[in-house]
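These are the residues of each chain, in order.
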Amino acid sequence: MYSFPKYDVIVVGAGHAGCEAAAAAANLGSKVLLITMNMTNMAQMSCNPSIGGIAKGQIVREIDALGGYTGIVSDRTMIQFRMLNKSKGPAMWSPRSQNDRTMFSEEWRSVLEKTGNVDFWQDMVHEVLVEDGKAVGVRTGMGNEFLSKSVILSNGTFLNGIIHIGEKHFGGGRIGEHASVGLTENLVKSGFESRRMKTGTPVRVDGRSLDFSKMEEQKGDENPGKFSYTDTPHLTQQRSCFLAYTSSEVHSVLRKGFSRSPMFTGRISGRGPRYCPSIEDKIDRFSTKERHQLFIEPEGWNTVEYYVNGFSSSLPEEIQFEALTKIPGFEQVKFFRPGYAIEYDYFPPYQLRFNLETKIIGNLYFAGQINGTTGYEEAAAQGLMAGINAHLKINRKEPFILSRSQAYIGVLIDDLITKGTDEPYRMFTSRAEYRLLLRQDNADQRLTPLGYKIGLASADRMEKIERKNKNISAIISFLKQESTTPEEINPVLKRKDTQEISQKVKLSALLLRPQLCIFDLAEGNKPFSGLVKKESFSNEEMEEAEILVKYENYIEKEQEIVDKLSRFEDIPLKADLDYNGLNSLSMEAREKLSRIRPGTIGQASRISGISPADISVLIVYLGR
């Protein structure tokens, strides 16, 4: 009989969370086994073929800065790039890519197969093996037992997944793939609470049947960027997306199917995503709105398949088809497959510690949609953190936990555990109170030193950071010291429709004008232009220097707030603190603090129902 080796970390599920978890733990030195039900669908883009977007793009850059792979894989498989929200301030700028769906999955598999410490096994896991309150391995559907020092569960939408299309419903983790059964029941027997959630995906259509001349073309950026801070390829050609719109006629057709919709008839009990609702939910909730925007997105370089973003639906196929034919450009549409809803199990994240280890079973970690999140980026971030922390725990090292002022990843995990979620959690810039500090352009400066310290980010990355910091400081110093003359700069000011100057002015003062960017100054001032050419500053370094000069006062004020609050934020709370013995706490506070077990005063303060008075009681108690 074949004897399986013992592993340091077993990762269950090879979605975005599982892939990042396996790569992180392996690159840190752990021996990893990645178990998946389908080896051909690693990091499958089950929904839209894109990475990033508002706040999500910041998360991808943070993953990359720490030494993860989502940004690298995205850059290698990108077919379009856009920086969203450029008309707003830099705290809102968010990178987003369209990707080749097939290439993305293949590239992730290639990355993992080139990672020496990762083994693979294709099977379904239906039991976590536990000894003395700690996870020691898993048992699979084929009856095999794999032993390990820790286990990470990243099961996506597969736990008891049910797919709904109109009045049809059948088991599945996504269309064409089996659901994972048995694992939820195993965990519930161990004392976990599970609940149900719902998500959905739109129809896929044949691009050869569409008339794109009736739609609005949406091209990528003229000078496309990328996610990774490493030397990944730059896009030299791009595929366009297209915009289309529903109408009152389309809505009337869709309403005909409401009586057969599993969402309206009660067959779906799980809560769906608030910020990415199905098309039937949109026209029901926003009944006065005459049209909704649809994004028609190509699935790759060499395919005619298109994703109809904004038309997620669980209505009967014939209703979906009839409604689409009423949209300009879709009159002759052909389906590849209908949209569908999927309902699945998740485990409310109050059951986790801040290193993503479960409270009930030691050395067991949850990452991704099993924690109630939605989106590839949120899942990948959790996978990265779970992989790091699983490795650190078994090597008797301190957990790696990011604060809300350090990263969007810190906001994500803190929100999940302190606030919980009863609907699919999605990251937005508005969730981060320190978003001016957490910009997409400075993720490497914020996090690469931390990734390097734990051994995940390479020495080459640190050298790049040091050069970048040095160059940005040089640019800022020059801007603050060098003045320009009316003769030099006024032609630029006139062209930019901003007031001309009559005497020498510091370059940094001119840069405060909203009409001007740093490249205008390089054009209108010979000494600065000479410095830029001599030092070969990158566009990224120039742009970040501009941000730091333009928003210097705002950044300083936000940092002051962080420094002030951090006096209480990081005060630790013992894991075994008897909250029920603190009679001055409200009953709600005692119950929630005992259940969630926050690690610090700051985390406790963000738990729903914990009042400032309760926090004062804790601070006084700790002061004693």
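What this report covers is the structure whose coordinates are included nearby. (Residues numbered from 1 in each chain as written. Predicted model: local features only at pLDDT ≥ 70, side-chain atom pairs only at ≥ 80, totals over all residues. Heavy atoms only, no water.)

**Things to note about helix α11 (residues 408–419)**
Inclusion rule: Segments assigned H or I by DSSP are reported as helices when at least four residues long, segments assigned E as strands when at least two residues long, and all are numbered from the N terminus. Between the first and last residue of a helix there are one fewer steps than residues, each counted as 1.5 Å, and that sum is the expected span. Only protein chains enter the accessibility calculation, which uses a 1.4 Å probe; a residue whose area is less than 20% of its type maximum is buried, one above 50% is exposed, and one in between is partly exposed. Contacts were defined at the residue level, with two residues in contact if any of their heavy atoms lie within 4.5 Å.
With 12 residues, α11 should cover 16 Å at 1.5 Å per step; its first-to-last C-alpha distance of 15 Å lies within 8% of that length. Within α11, 11 of the 12 residues are buried, which leaves it mostly tucked inside the rest of the structure. The inward-facing, buried residues of α11 abut α2 (56–66), α10 (376–394), α20 (587–596) and α21 (601–605).

**Observations concerning α20**
Of the residues making up α20, those classed as buried are A589, R590, K592, L593 and I596. Packed against the buried residues of α20 are α11, α21 and α22 (612–623). Positive backbone phi, approximately 55°, marks R597, located one or two places after α20.

**Examining the side chain of N363**
Assignment of secondary structure puts N363 in the loop between β18 (340–346) and β19 (364–366). Owing to a relative accessible area of 10%, N363 belongs among the buried residues under this scheme. Setting aside residues no more than four positions away along its own chain, N363 makes contact with K134, A135, K149, S150, V151, E357 and K393.

**Some remarks on the side chain of T429**
In this fold, T429 is placed in the loop between α11 and α12 (443–454). Excluding anything up to four places from it in sequence, T429 contacts I54, A55, Q58, A91, M92, Y408 and R435.

**Some remarks on the nonpolar core**
Heads up, the rule is: We call a set of buried residues a nonpolar core when its members are Ala, Val, Leu, Ile, Met, Phe, Trp, Tyr or Cys and they connect through side-chain atoms within 4.5 Å of each other.
If you look at the biggest cluster of nonpolar residues, it comprises 110 residues, and the most contacted ones within it are W108, L153, L364 and I409. The element best represented in this core is α10, accounting for 11 residues. Not counting chain neighbours up to four residues away, the residues in contact with L364 comprise V128, A135, V151, L153, L187, F192, L356, E357 and T358. Counting residues in hydrophobic clusters, the runner-up holds 24 residues, among them L210, F258, I279 and Y306.

**Considering the packing of aromatic side chains**
Short version of the rule: Each Phe, Tyr or Trp ring (for Trp, its six-membered ring) is paired with any other whose centre lies within 6.5 Å, and the angle between the two planes then decides the class: stacked below 30 degrees, edge-to-face above 60, tilted in between. In this scheme, Lys NZ or Arg CZ marks a charge over a ring once it lies within 6 Å of the ring centre and within 35 degrees of the ring normal.
Under the defined criterion, the tally for this structure stands at 13 aromatic pairs. Taking the centre distance of 4.5 Å and the plane angle of 35° together, the rings of F212 and F242 count as tilted. Residue F212 is located in the loop between β12 (195–206) and β13 (216–218), and its partner F242 is located in strand β14 (residues 241–245); the two are separated by 30 residues in the primary sequence. When the ring of F347 is compared with that of F366, the centres are 5.4 Å apart and the planes differ by 45°; the resulting orientation is tilted. Of this pair, F347 sits in the loop between β18 and β19 while F366 sits in strand β19; the two residues are 19 residues apart in sequence, bridging distant segments of the chain. Looking at F366, the relative accessible area reads 1%, which means it is buried. These aromatic residues form a ring-pair network of at least three members: F4, W121 and F146. For R61, the ring lying beneath its charged end belongs to Y229, and the centroid distance is 4.1 Å. Cation over ring: R431 sits above Y425, and NZ or CZ is 4.3 Å from the ring centre.

**With respect to the layout of surface pockets**
Once rolled over the atoms, a probe with the size of a water molecule shows which space is left empty. To be explicit about the condition: A cavity here means a set of 1 Å grid points, computed over protein atoms only, where a 1.4 Å probe fits but cannot escape. A pocket is an open set with protein on both sides within 12 Å along at least 5 of 7 lines, and lining residues have an atom within 4 Å of a point. Grid points are joined across faces, edges and corners, and a volume is the space filled by probe spheres set on the points. Residue classes follow a fixed rule: Ala, Val, Leu, Ile, Met, Phe, Trp, Tyr, Cys and Pro count as nonpolar, while Asp, Glu, Lys and Arg count as charged, and any other residue, Gly among them, counts as polar.
Of the volumes computed, that of the second largest pocket is approximately 1,300 Å³. Q440, N539, E540, E541 and E543 are, among the 43 residues lining the second largest pocket, the residues nearest its centre. Broken down by secondary-structure element, the contributors of at least two residues to the lining of the second largest pocket are β4 (78–84), α12, α13 (459–481) and α18 (539–550). The biggest single contributor to the lining of the second largest pocket is α18, with eight residues. Taken together, the residues of the lining of the second largest pocket sort by class into 14 nonpolar, 11 polar and 18 charged.

**Some thoughts on the pattern of salt bridges**
Cut-off, in case you're wondering: Within this document, salt bridges are pairs made up of a side-chain nitrogen of Lys or Arg and a carboxyl oxygen of Asp or Glu, the two lying within 4 Å of each other.
Inspection of the entire model under this criterion finds 42 salt bridges. Between E127 and R139 there is a salt bridge, with the nearest N and O atoms lying 2.4 Å from each other. Here R139 lies in strand β8 (residues 134–140) and E127 lies in strand β7 (residues 125–131), a separation of 12 residues in the sequence. Given a relative accessible area of 23%, E127 falls into the partly exposed group. Taking the shortest distance from any N to any O, the salt bridge between K419 and D415 comes out at 3.3 Å. Remark: D415 and K419 occur in helix α11; sequence separation between them is four residues, near one turn of the helix.

**Describing the pairing of β12**
The line we're drawing: Pairs of strands are assigned from DSSP output, requiring at least two bridges between the strands.
Judged by how many residues are buried, β12 sits mostly within the fold: 10 of 12 residues are covered. Sheet analysis places β12 next to β18, joined by seven bridges and oriented antiparallel. Across the sheet, T201 pairs through a bridge with Y340, a residue of β18. Of the strand pairs in this sheet, β12 and strand β16 (residues 305–312) are connected by four bridges, and their pairing is antiparallel. By the bridge assignment, P202 is partnered in β16 with S312. Here two bridges tie β12 to strand β17 (residues 335–337), and the two strands are oriented antiparallel to one another. Across the sheet, R204 pairs through a bridge with R337, a residue of β17.

**Considerations on the pairing of β14**
With five of five residues buried, β14 lies mostly within the body of the structure. Both faces of β14 are covered, namely the face carrying C241, L243 and Y245 and the face carrying F242 and A244. Relative to β14, β13 runs antiparallel, the two being bridged by three bridges. In the strand pairing of β14, E217 is matched with F242.

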